[in-house]
Amino acid sequence: MQRSAPRLTRILACAAVPVMLVAAGCSSDSGSDGADGAPKQSPTAAASPSPTPTPTVEPAVYGELPEPCKAVAEVTIKDLVPEVKRKGGTPGQTSDTASRGSCSWNGLDDKGVKGSQYRWLDVSLLRYESDPSLGSGEQRATESFAKEVAKVKATQGAKDVKSAPAKGLGDEAVAIGYGLKKSDEDFTYAAIVTRTENVVVTISYNGAGFAGSDTPDREDLAKQATRAASDAVKAVAAANK
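Residues numbered from 1 in each chain as written. Predicted model: local features only at pLDDT ≥ 70, side-chain atom pairs only at ≥ 80, totals over all residues. Heavy atoms only, no water.

Engineer: Can you tell me about the overall build of the protein chain, naming the residues and giving the values?
Structural biologist: Per the secondary structure count, the protein chain includes 5 helices and 7 strands. The helix and strand sequence of the protein chain, counted from the amino end, reads α-α-α-β-β-β-α-β-β-β-β-α. Counting across all 241 residues of the protein chain, residues that qualify as buried make up 34%. By sequence separation, contacts in the protein chain at least 24 residues apart represent 57% of the contacts at least 6 residues apart. Here the protein chain displays about 15200 Å² of accessible surface, and carbon together with sulfur accounts for 53% of that area. (Helix = DSSP H or I, 4+ residues; strand = E, 2+ residues; numbered from the N terminus. Buried < 20%, exposed > 50% of the residue type's maximum accessible area, 1.4 Å probe, protein only. Contact = heavy atoms within 4.5 Å. Areas by Shrake-Rupley, 256 points an atom, 1.4 Å probe, with all protein chains shown as cover.)

Structural data, given as structure tokens:
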């Protein structure tokens, strides 16, 4: 009996070895690679975010503006503004000549006791670049066109405001006419707002009769303003050839 006790101890110890090995094998499997040998990935690592695509817009058609004081032909200036003070015009102030510009002319045709006729002409040019965050140049110019039309119609003191589409000018155009009293004189105004691609052109033409001379006819002024607008639209195209 004394000999059998140590022998029984050894048998129990040997029998316990396979159990420990099996347990160890199960424990190590929890951190091993997958069945195909590839490392296991967490759901967060597998679902990587895709980059946000950069928005694109069509490039602007016109990249340049003509010199404002040369946007209306000399012969047009001569006919629209008799006895013009400065044939070369008076340029408006701007810090960004690539995007905006303006020029004006005025003159008084004094006929003494027969009366006098005053005329004033202004051309304004606005160019819009394409911008992914703001839209294409054409889209931005379309929005600006609508704002310019609304601004002319809302001229302070304007009376009997009338507007109608102007045909044959750029991509869209509106003619606006109204009366305005200044310095106790009755002035007649004709404005043309037109958009050609990504450029907005605004022509403002007005006049008054002094010393008993007749007030200018609205329709006549509108025809002359349309002529000046046509010159400016052509000048925009010519500046970008």
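Next comes the rest of the account.
Engineer: An account of the layout of surface pockets is needed here, citing residue identities and associated values.
Structural biologist: Taken as a whole, the largest pocket encloses approximately 310 Å³ of empty space. Lining the largest pocket are 14 residues, and of these Glu74, Ile77, Lys78, Lys87 and Gly88 sit closest to its centre. By residue number, the principal contributor to the lining of the largest pocket is helix H3 (residues 74-80), which donates 3 residues. Taken together, Asp122, Ser124, Glu148, Lys151, Val152, Thr155, Tyr178, Tyr189, Ala191, Thr202 and Ser204 form the lining of the second largest pocket. Among the secondary structure elements, those contributing two or more residues to the lining of the second largest pocket are strand S3 (116-127), helix H4 (137-153), strand S6 (185-196) and strand S7 (199-210). When residues of the lining of the second largest pocket are assigned to their parent elements, the largest contribution, 3 residues, is made by H4. Considering only residue class, the lining of the second largest pocket consists of 4 nonpolar, 4 polar and 3 charged. (1 Å grid on protein atoms, 1.4 Å probe; cavity = no way out; pocket = protein on both sides within 12 Å on 5 of 7 lines; lining within 4 Å. Points joined across faces, edges and corners; volume = space filled by probe spheres on them. Nonpolar A, V, L, I, M, F, W, Y, C, P; charged D, E, K, R; others polar.)

Engineer: Provide a residue-level description of the pattern of salt bridges, including the pertinent values.
Structural biologist: Pairing is possible between side chains of opposite charge, provided their charged atoms come close. Applying the stated criterion across every chain, the model contains 10 salt bridges. In this structure, Lys111 and Asp109 form a salt bridge, with 3.6 Å as the shortest nitrogen-oxygen distance. For Asp109, a relative accessible area of 19% gives the class buried. When salt bridges with common partners are traced through the structure, they connect Glu138, Asp171, Glu172 and Arg195 into a single cluster. (Salt bridge = Lys/Arg side-chain N within 4 Å of Asp/Glu carboxyl O.)

Engineer: How would you explain unusual backbone geometry if you had to name every residue and give the values?
Structural biologist: A positive phi is found at Ser183, a non-glycine position, where the angle reads about 50°. Along the chain, the position of Ser183 falls in the loop between strand S5 (172-182) and S6. Classification of Ser183 as exposed rests on a relative accessible area of 69%. For Asp184, which is not a glycine, the phi torsion comes out positive at approximately 65°. Summarising the element assignment, Asp184 is placed in the loop between S5 and S6.

Engineer: Explain the sheet that holds S5 residue by residue, including any values.
Structural biologist: Strand order in the open sheet formed by 7 strands is S1-S2-S3-S7-S6-S5-S4, and the pairing between neighbours is antiparallel. If you trace the sheet from one side to the other, it starts and ends with strand S1 (90-91) and strand S4 (159-165), each paired once. Across 2 bridges, the pairing between S1 and strand S2 (residues 100-110) is antiparallel. Opposite Thr90, over in S2, you have Ser104 as the bridge partner. Along the sheet, helix H5 (residues 218-239) makes contact with S3, S4, S5, S6 and S7, crossing S6 at roughly 30°. (Pairing = 2+ DSSP bridges. Axes fitted to C-alpha atoms, helices over the stretch in contact; angles between N-to-C directions.)

Engineer: Could you give an account of the state of the cysteines, naming the residues involved and the relevant values?
Structural biologist: The term disulfide refers to a covalent linkage connecting the sulfur atoms of a pair of cysteines. Taken as a whole and assessed by the stated rule, the structure comprises 1 disulfide. Here Cys69 pairs with Cys103 through a disulfide, and the sulfurs are 2.0 Å apart. Because the torsion about its S-S bond is 95°, the bridge between Cys69 and Cys103 counts as right-handed. Here Cys103 lies in strand S2 and Cys69 lies in the loop between helix H2 (43-46) and H3, a separation of 34 residues in the sequence. Classification of Cys103 by relative accessible area gives buried; the value is 0%. (Disulfide = S-S within 2.5 Å.)

Engineer: Describe H5, and please don't skip the residues or the numbers.
Structural biologist: Taking 1.5 Å as the rise per residue, H5 with 22 residues should run 32 Å; its terminal C-alpha atoms sit 32 Å apart, in good agreement. Along H5, the residues that are buried comprise Leu221, Ala225, Ala228, Ala229, Asp231, Ala232, Val233, Ala235 and Val236. Looking at the buried positions of H5, the neighbouring elements they touch are H3, S3, S6 and S7. One side-chain oxygen of the residue at the start of H5 lies 3.1 Å from the amide nitrogen of Glu219, identifying that residue as Asp217. (Expected span 1.5 Å × (residues − 1). Polar contact = N/O pair within 3.5 Å; in protein donor to acceptor, adjacent residues only side chain to side chain.)

Engineer: Summarise the pairing of S3; cite the residues concerned and give the values.
Structural biologist: Counting buried residues along S3, 10 of its 12 residues qualify, which places the element largely inside the surrounding structure. The pairing of S2 with S3 spans 11 bridges and is antiparallel. Its bridge partner lying in S3, Gly107 is registered against Arg119. Counted between consecutive antiparallel strands, the loop separating S2 from S3 contains 5 residues, among which Gly112 sits at a positive phi close to 65°. Of the pairings in the sheet, the one linking S3 to S7 comprises 12 bridges and is antiparallel in character. Among the inter-strand pairings, Gln117 is bridged to a residue of S7, identified as Gly209.

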